[in-house]
Amino acid sequence: MKPIDARIIRNKPIAPDCYRMQLKPSKPFKTAIPGQFVHIRLTKGYKLLLRRPFSIYNITDSGNIEIVYQVLGKGTEFMTSLKPGNKVDILGPLGNGFRINNQTPVLVAGGVGVAGLHLLLKRLAKRHKDIYLLPGARSKDKLYCLPDLKKLCQHITIATEDGSMGSKGLITTALSKFLSKSEIRPVRAKSEMVIYACGPKGMTEAVRQIAITQKIPTQLSLEERMGCGIGFCRACVCKVKNYADAKAPACANALAGRSAGKQDWQWATVCEDGPVFEASQLEPQMNTDRHG
Amino acid sequence: MKPDTKVKVGPLTLKNPVIVASGTFGYGAEFSREIFANINKVGGFITKTITLKPRRGNPPPRIVETPCGIINSIGLENPGLERFCADYLPYFSRFKTARIVSVGGEEPGEFNEIIKTLARRKGIDGFELNISCPNIKKGGVSIAQSPDVTRQIVSRVRRLTGLPLIAKLSPKVTDISVIARAAIDGGADIISLINTVSAMAVDWERRRPCLGNITGGLSGPAIKPIALKMVRDVVTETRAPVIGIGGIMTAEGASAVQVGTFNLIDPAGAAGLADGLTKLLKKRNIKSLRDIIGTLENPV
Ligand SMILES: Cc1cc2nc3c(=O)[nH]c(=O)nc-3n(C[C@H](O)[C@H](O)[C@H](O)COP(=O)(O)OP(=O)(O)OC[C@H]3O[C@@H](n4cnc5c(N)ncnc54)[C@H](O)[C@@H]3O)c2cc1C
Ligand SMILES: Cc1cc2nc3c(=O)[nH]c(=O)nc-3n(C[C@H](O)[C@H](O)[C@H](O)COP(=O)(O)O)c2cc1C
Ligand code: FES
């Protein structure tokens, strides 16, 4: 895995604290699996030493990458100052993404988590007529990318914590309500649907609990502080069930041969084994979100 | 003509002085062909530290960025000796560079057991004794803080192997040259320094430490001046062969160094430094790196 140069093509705000950036890599990105990410080195200096991970929001026809980022700290603050023509250095596409199947998709996004679901939605729209999307955020102005999402999906259920748009409360509460009303018309059994979720730790953990209690196949994209982004340093771990017991097909594949024997749980890396995991594979996750 | 970048450090001959530091490149297994080629370009490759039994390491977050550095608290997560031999060693031993296994433990006996097993295996060119990890509770740093324990561990291991032995020291001591002397007396061939510097970072908004383990080890450019001073202390006091570690991100001024944090930022970085060194020597018309090593002069 070699880092490649990427030139900024566009970098514009799409909300008060959120930007959309298009990058032209020196080698075009031919393909990426939804849920994969790029790891961006912002400067060659000694400030902002670590790379920053961002989901691939979109790949353009010419092989450019688009990301959508929320401005939170030093790195993303710096990113807002990047101008078309400036260069950064990227590693990617990295990690194991979402797995698409024929089950009826229900997508749940928390805040900027929509950035991790857009490419998936785009791919799903090619095979599914009915896709259900539940985006949630603190407030209306943090519901990013809605126009893009509306183009790809007709069934959108919104929740905001302050009630400024959609129902008032957490998106995971909205999800529970949604599931209990079985609004999903073509679906007879819960096993005929699949939940895809991306968002802050507290939110993905809540979705994991819903998935387990209601026995719904669910894929979660996790976040963790990263170093290398490619499995060298073991910084970005999350707790998973012993791989040997994990029945989930695709992810078990990614983890194959790495079982640590008879332990009841073990660490997996978010960068290499994830970021997408089957809910059934995960142990309860601690919420260590800084900005959560 | 291609300049000669070969260096000798104690009994180790390296094709160039750039060594991948322990813990920043895994074990070299499962890597792509590209990574394989990169490792073959560097002068040496040191595995993540292995211990006798598997270790799970610390809870996340395990890494945080600080000014000009990072603090990590991986906690020596590793698969243990048995699985290292079964799953990783066969691949590791194929690298065409100096293949060094980093060995750690909570007590002296652990080092012995590991070396005893590994000394019988092929495809290893040396050992680095990690007596200085700040991220484990027992042993770890406390070993490298005691000249007696350091001497004892090294001398017991020395009897078990003829391969080059590197003792990796912690900066968390009052006089590093005393510990270096003890390691050399115990039979170490080379001293490597420094391991990370004990440190912590706080997230004032959440009023919490940034790391799951609360404290960790600082690495990166921030520690380079500390490392340089300690290397100087050890060299002037003991004349022992030394490998410098800490904050290396460029090729200038290298004699024999380990590169850690930079691998996390750029997986092709260490290989790039090795290439860069060749170019630098060519540009300065230096035929052999050995001609300039040890030529740093004290100001008069
Ligand atoms: C796989 C993955 C995909 C992501 N995709 C997106 C995306 O599409 N859009 C988006 O806005 N954000 C995304 N994030 C979160 C994003 O990486 C962080 O918001 C960003 O790194 C913050 O950097 P900062 O310097 O502004 O914040 P600071 O808090 O100043 O950063 C300090 C350090 O913490 C790390 N960090 C801080 N918050 C997070 C976090 N939530 N997750 C991981 N590392 C963090 C930073 O990378 C940096 O190393 C993703 C995270 C992961 C792991
Ligand atoms: C993520 C990470 C993991 C590390 N793991 C180990 C380890 O297992 N054993 C060890 O001896 N040193 C370990 N180190 C220390 C490095 O080998 C090196 O001594 C230190 O990082 C200083 O060098 P640097 O500034 O180039 O990173 C680790 C460092 C980092 C950043
Ligand atoms: S960030 Fe290094 S292993 Fe995931």
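Structure shown above.
For the structure given in this document, a descriptive report is provided here. Everything quoted here is computed from the prediction, not taken from an experiment.

### Focus on the sheet that holds strand E14 (residues 215-219) of chain B
Residue and element names in this part refer to chain B. Here four strands make up an open sheet; going across it, the order is E5-E6-E14-E11 and the pairing antiparallel. The sheet terminates laterally at strand E5 (63-66) and strand E11 (197-200), the two strands that pair on one side only. Direction aside, neighbouring strands of the sheet carry axes that sit 40° apart on average. Here E5 pairs with strand E6 (residues 69-72) via four bridges, running antiparallel. Bridge pairing in E6 places Glu65 opposite Ile70.

### Overview of the packing of helix H5 (residues 147-158) of chain B against helix H6 (residues 176-186) of chain B
Residues and elements named next belong to chain B. Put simply, H5 and H6 touch, their axes get as near as 7 Å, and they point 25° apart. Taken together, H5 and H6 sit at an angle that is classed as roughly parallel. Relative to H6, H5 is oriented so that their crossing is right-handed. Between H5 and H6, the residues in contact are Pro147, Thr150, Arg151, Val154, Ser155 and Arg158 and Val178, Ile179, Ala182, Ala183, Asp185 and Gly186, respectively. Class assignment of the residues belonging to the contact of H5 with H6 gives a composition of six nonpolar, three polar and three charged.

### Focus on the pairing of strand E10 (residues 190-193) of chain B
All names here are of chain B. The side-chain alternation of E10 yields two buried faces, one formed by Ile190 and Ser192 and the other by Ile191 and Leu193. Relative to E10, strand E9 (residues 165-169) runs parallel, the two sharing four bridges. Looking at E10, one finds that Ile166 is bridged to Ile190. Traced from E9 through H6 to E10, the parallel crossover comes out right-handed. In terms of strand pairing, E10 meets strand E15 (residues 242-245) through three bridges, oriented parallel. Bridge pairing links Leu193 to Gly244 in E15.

### A look at the environment of Leu134(A)
Residue and element names in this part refer to chain A. The residue Leu134 is located in strand E9 (residues 132-137) in this model. For Leu134, a relative accessible area of 0% puts it in the buried group. On a C-alpha basis, the gap between Leu134 and Thr60 in space is 25 Å, while along the polypeptide they are 74 residues apart.

### So, the pattern of salt bridges
Residues and elements named next belong to chain A. On inspection of all chains with the given rule, the structure shows 20 salt bridges over all chains. Glu66 is the salt-bridge partner of Arg20, the closest N and O atoms lying 2.9 Å from each other. Of this pair, Arg20 sits in strand E2 (residues 18-25) while Glu66 sits in strand E6 (residues 65-70); the two residues are 46 residues apart in sequence, bridging distant segments of the chain. Relative accessible area serves as the criterion here: at 22%, Arg20 is assigned to the partly exposed category. Three or more residues joined by partner-sharing salt bridges are found here, namely Arg20, Glu66, Asp148 and Lys151.

### Examining the interface of chain A and chain B
In many analyses, interface size is given as the accessible surface area lost on bringing the parts together. Facing the 37 residues of chain A at the interface are 39 residues of chain B. Here chain A meets chain B over a buried area of about 3,300 Å², counting both sides, of which 58% is carbon and sulfur. Broken down residue by residue, the surface that chain A buries against chain B is led by Tyr46(A), Leu49(A) and Phe232(A), which jointly contribute 24%. Remark: the boundary between chain A and chain B carries two salt bridges. Between Arg52(A) and Glu65(B) there is a salt bridge, with the nearest N and O atoms lying 2.9 Å from each other. Here chain A and chain B share nine residue pairs in polar contact (both at pLDDT 80 or more) between them. Counted by class, the side of chain A that touches chain B contains 18 nonpolar, six polar and 13 charged residues.

### Things to note about the sheet that holds strand E7 (residues 98-104) of chain B
Residue and element names in this part refer to chain B. If you walk around this closed barrel you meet the eight strands as E3-E4-E7-E8-E9-E10-E15-E16, and the pairing is parallel. Neighbour to neighbour, the strand axes of the sheet diverge by 25° on average, direction disregarded. On top of the sheet, helix H3 (residues 108-118) reaches E7 and strand E8 (126-130); it is set at about 150° to E7, its chief contact.

### Concerning the site of ligand 1
All names here are of chain A. Around ligand 1 sit 22 residues in total, of which Arg52, Pro53, Gly75, Thr76 and Glu223 are the nearest. Arg52 has a polar side-chain atom sitting 2.8 Å from an oxygen atom of ligand 1. At 2.5 Å from an oxygen atom of ligand 1 is found a side-chain nitrogen or oxygen belonging to Thr76. Within the complex, the protein chains bury 94% of what would otherwise be the 820 Å² of accessible surface of ligand 1. When residues of the shell around ligand 1 are traced back to their parent elements, those giving at least two are strand E4 (52-55), E6 and helix H1 (74-79). Sort the elements by how many residues they give to the shell around ligand 1 and E4 lands first, with four residues. Partitioned by chemical class, the residues of the shell around ligand 1 number 10 nonpolar, six polar and six charged.

### Remarks on the environment of Leu107(A)
Residue and element names in this part refer to chain A. The topology assignment puts Leu107 in strand E8 (residues 104-110). Look at Leu107 and you get buried, because its relative accessible area is 0%. In sequence terms Leu107 and His118 are 11 residues apart; their C-alpha atoms lie 9.7 Å from each other. Look past the residues within four positions of Leu107 in its chain and what remains in contact with it is Leu117, Leu120, Leu121, Leu124, Ile131, Tyr132, Leu133, Leu134 and Tyr196.

Definitions and cut-offs
- Residues numbered from 1 in each chain as written.
- Chains lettered and ligands numbered in written order.
- Predicted model: local features only at pLDDT ≥ 70, side-chain atom pairs only at ≥ 80, totals over all residues.
- Heavy atoms only, no water.
- Pairing = 2+ DSSP bridges.
- Helix = DSSP H or I, 4+ residues; strand = E, 2+ residues; numbered from the N terminus.
- Axes fitted to C-alpha atoms, helices over the stretch in contact; angles between N-to-C directions.
- Parallel < 35°, antiparallel > 145°, perpendicular 65-115°, else oblique.
- Left-handed = near helix turned anticlockwise from the far one by under 90°.
- Contact = heavy atoms within 4.5 Å.
- Nonpolar A, V, L, I, M, F, W, Y, C, P; charged D, E, K, R; others polar.
- Buried < 20%, exposed > 50% of the residue type's maximum accessible area, 1.4 Å probe, protein only.
- Right-handed = clockwise from strand over helix to strand, strands pointing away.
- Salt bridge = Lys/Arg side-chain N within 4 Å of Asp/Glu carboxyl O.
- Buried area = accessible area lost by both parts, 1.4 Å probe.
- Polar contact = N/O pair within 3.5 Å; in protein donor to acceptor, adjacent residues only side chain to side chain.
- Near = heavy atom within 4 Å.
- Areas by Shrake-Rupley, 256 points an atom, 1.4 Å probe, with all protein chains shown as cover.

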